[in-house]
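Inside the fold
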Amino acid sequence: MVPDNTKMEEHTIIVEGDVIVGNHSDIKYGVHANSVILGERVELAGDLICKSDVRIDIWSQIGGNVKTDEDAYLGEFVNIDGKLIVKGDLDIGNDVKINGGFEAKGWIVIRNPVPVIVYLFLYISELLRLGKDEEVEKALSELFDDEEEALDPAAMIVPNGSSISIDSIRVPAHAVVGNGCRLAGNIRSASLEMGSDNTLYGSIRTMDNVYLGKNNSIHGNIVSRGMVRIAADSHVLGEINARTVRIHESARVDGVIRASEGIVFEREESAELSDDQLMQLDV
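Residues numbered from 1 in each chain as written. Predicted model: local features only at pLDDT ≥ 70, side-chain atom pairs only at ≥ 80, totals over all residues. Heavy atoms only, no water.

Scanning the chain from N- to C-terminus turns up 3 helices and 37 strands. By the burial criterion, 43% of the 283 residues in the chain qualify as buried. Once local pairs closer than 6 in sequence are excluded, the contacts in the chain between residues at least 24 apart make up 16%. By element, 49% of the accessible surface of the chain is carried by carbon and sulfur atoms, the whole surface being about 15,200 Å². (Helix = DSSP H or I, 4+ residues; strand = E, 2+ residues; numbered from the N terminus. Buried < 20%, exposed > 50% of the residue type's maximum accessible area, 1.4 Å probe, protein only. Contact = heavy atoms within 4.5 Å. Areas by Shrake-Rupley, 256 points an atom, 1.4 Å probe, with all protein chains shown as cover.)

Written as structure tokens, this is what we have:
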């Protein structure tokens, strides 16, 4: 899940909200975000810079510096190639390597921090709250009543075993992209849902359906075994190969459209009929 206004620059992914990265994921970028949670054995190639807390689970590797304006929690066997700068408290596990040294203005506690899975449950609690499921929210709030801070639900969530590099964005399941994003890399996922006003410098390949909202720009091909649906004013600079294609009449495709089960060109919904027109139809 990529939240609104996410930007992928040359070496850095910039996210306005929070970032959660699942276990065994490989991110060939640095990350700038509000707060970051990394699972087990995550590899991050660049700097990790946060306004809020940083939580890094066991055996993860950071290829650059780690800087946070609040607290940091490092699990066992974490390896940081650069420098660690913490303006708050530092909670650190055993056998952590920080090659560039560290600075911490608050308390330093050497112990095994609370596992990242606990904080993932906090996210689930917040999402269920947005769904107005009062009973589940009440039960989860009782479990985590010591946690005062609610994390921003508009987060970038990277599932287990994902890979993000300059060449590709690979996720094992459904991918969701918000609005106003600038992404680089070929998207490979089970299916894709994209909002509006996005730019993707790459292609899209899925096993299932692809939906593109309004005013998107795709600098590559779209290949899907399912349906590809493209809303108004979107522009695909490459080709489209799919089972079926539904495309708005104001959208543009520079290449060839191939659809084994047909192509449908859609128009705007007709305006509601006036009372006089309805009376004429009845007659």
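Turning to a nonpolar patch on the surface, a few remarks are in order. A surface patch of nonpolar side chains, amounting to about 310 Å² of accessible area, comprises Phe102, Ile108 and Ile110. Summarising the element assignment, Phe102 is placed in strand β17 (residues 102-104). (Patch = residues over 30% accessible without salt bridge, like charges linked within 9 Å, V, L, I, M, F, W, Y side chains within 5 Å. Salt bridge = Lys/Arg side-chain N within 4 Å of Asp/Glu carboxyl O.)

If you trace the 12 strands from one edge of the open sheet to the other, you get β16-β13-β10-β7-β4-β20-β21-β24-β27-β30-β33-β36, paired in mixed fashion. The sheet terminates laterally at β16 (97-98) and β36 (257-259), the two strands that pair on one side only. Direction of pairing for strand β24 (residues 186-189) relative to strand β27 (residues 204-206): parallel, over a ladder of 3 bridges. Of the residues in β27, the one forming a bridge with Ser189 is Thr206. (Pairing = 2+ DSSP bridges.)

The next point concerns the pairing of β24. With 3 bridges joining them, strand β21 (residues 168-170) and β24 adopt parallel strand pairing. Paired with Arg170 across the bridge in β24 is Arg188.

This part takes up the nonpolar core. Counting residues in hydrophobic clusters, the biggest one holds 58 residues, and the most contacted among them are Leu48, Leu74, Ile164, Leu212 and Ile222. Setting aside its immediate chain neighbours within four residues, Leu212 contacts Met194, Gly195, Ile204, Ile218, Ile222, Arg229, Ile230, Ala231 and Val236. (Core = buried A, V, L, I, M, F, W, Y, C linked by side-chain atoms within 4.5 Å.)

Turning our attention to unusual backbone geometry. Its identity is not glycine, yet Arg41 carries a phi of approximately 55 degrees, on the positive side. Tracing the chain through its elements places Arg41 in the loop between β6 (36-38) and β7 (43-44). Relative accessible area serves as the criterion here: at 44%, Arg41 is assigned to the partly exposed category. Despite not being glycine, Asp95 has its phi angle at roughly 60 degrees, a positive value. Mapped onto the fold, Asp95 is located in the loop between β15 (90-92) and β16.

Note on placement: Ile169 falls in strand β21. Judged by relative accessible area, which is 13%, Ile169 ranks as buried. Ile169 sits 15 residues away from Ala184 along the chain, and the two C-alpha atoms are 8.3 Å apart. Ignoring any residue separated from it by four or fewer positions in sequence, one finds Ile169 in contact with Met8, Ser163, Ile164, Ala184, Asn186, Ile187 and Arg188.

With that settled, consider the confidence of the model for the chain. Chain-level pLDDT for the chain is 85 on average; 80% of the residues reach the 70-or-more range. Contacts for the low-pLDDT stretch residues 270-275, under 50 throughout, to residues beyond four places or in other chains number 2 contacts. Below pLDDT 50 for its whole length, residues 277-283 participates in 2 contacts with residues either more than four positions away or in separate chains. (pLDDT = per-residue confidence, 0-100.)

Before going further, it helps to spend a moment on the sheet that holds β15. With parallel pairing, the 7 strands of this open sheet are ordered in space as β18-β15-β12-β9-β6-β3-β19. Because the sheet does not close on itself, it has two edges, and the strands there are β18 (108-110) and β19 (156-158). Strand-to-strand twist of the sheet, defined as the mean angle between neighbouring strand axes without regard to direction, takes the value 5 degrees. Relative to strand β9 (residues 54-56), β6 is paired through 3 bridges, and the arrangement is parallel. Residue pairing in the sheet places Ile37 in a bridge with Arg55 of β9. (Axes fitted to C-alpha atoms, helices over the stretch in contact; angles between N-to-C directions.)

Under the criterion given, the structure shown has 1 aromatic pair. Measuring from centroid to centroid gives 4.3 Å for Trp59 and Phe77, while their planes differ by 10 degrees, and the two rings are stacked. In this pair, Trp59 sits in the loop between β9 and β10 (61-62) while Phe77 sits in the loop between β12 (72-74) and β13 (79-80), placing the two residues 18 residues apart along the sequence. Under the relative-accessibility criterion, Trp59 is labelled partly exposed at 39%. (Phe/Tyr/Trp six-rings, centres within 6.5 Å; stacked < 30°, edge-to-face > 60°.)

Looking now at the side chain of Thr206. Here Thr206 is to be found in strand β27. By relative accessible area, Thr206 is classed as buried at 4%. Setting aside anything within four residues of it in sequence, one finds Thr206 in contact with Ser189, Ala190, Ser191, Leu192, Val223, Ser224 and Arg225.

Take the pattern of salt bridges next. This structure, assessed with the given rule, holds 10 salt bridges. What emerges from the salt-bridge pattern is a single network uniting Arg229, Arg246 and Glu266.

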